[in-house]
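# Structural characterization, general
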Amino acid sequence: MYSGARRVMASAWKVDDRATAELMKRFYQTLLAKPGQSAAAALRSAQLELRKLPAWSAPYYWAAFSLQGDWK
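Residues numbered from 1 in each chain as written. Predicted model: local features only at pLDDT ≥ 70, side-chain atom pairs only at ≥ 80, totals over all residues. Heavy atoms only, no water.

Core analysis: the biggest nonpolar cluster contains 15 residues, and Leu23, Phe27 and Leu43 have the highest contact counts within it. Within the residue set of this core, elements represented by two or more residues are helix 1 (17–33), helix 2 (39–52) and strand 2 (65–69). Residues in contact with Leu23, not counting those within four places in the same chain, are Leu43, Ala46, Gln47, Leu50 and Phe65. (Core = buried A, V, L, I, M, F, W, Y, C linked by side-chain atoms within 4.5 Å. Buried < 20%, exposed > 50% of the residue type's maximum accessible area, 1.4 Å probe, protein only. Helix = DSSP H or I, 4+ residues; strand = E, 2+ residues; numbered from the N terminus. Contact = heavy atoms within 4.5 Å.)

Structural data, given as structure tokens:
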């Protein structure tokens, strides 16, 4: 935040790298595909998508992430 970023996504605990990569991929796909959608909505959408997949359905893989700063 001190470097000028409007928002930062952070995790509350250490998460599997592959699960994080999958979540970030889906987050950015959603964010870029729907320009008017907020980052918070894109994160929620990515989390809900991961939740539906058997390999990543446990909250450990997707629930740790939150946005800090300008969440709009």
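So, next bit.
Turning to the side chain of Arg26, a few remarks are in order. In this structure, Arg26 sits in helix 1. Relative accessible area serves as the criterion here: at 18%, Arg26 is assigned to the buried category. Within polar-contact distance, the side chain of Arg26 engages the side chain of Glu49 at 2.8 Å. Apart from residues no more than four positions distant in its own chain, Arg26 is found in contact with Ala46, Glu49, Leu50 and Leu53. (Polar contact = N/O pair within 3.5 Å; in protein donor to acceptor, adjacent residues only side chain to side chain.)

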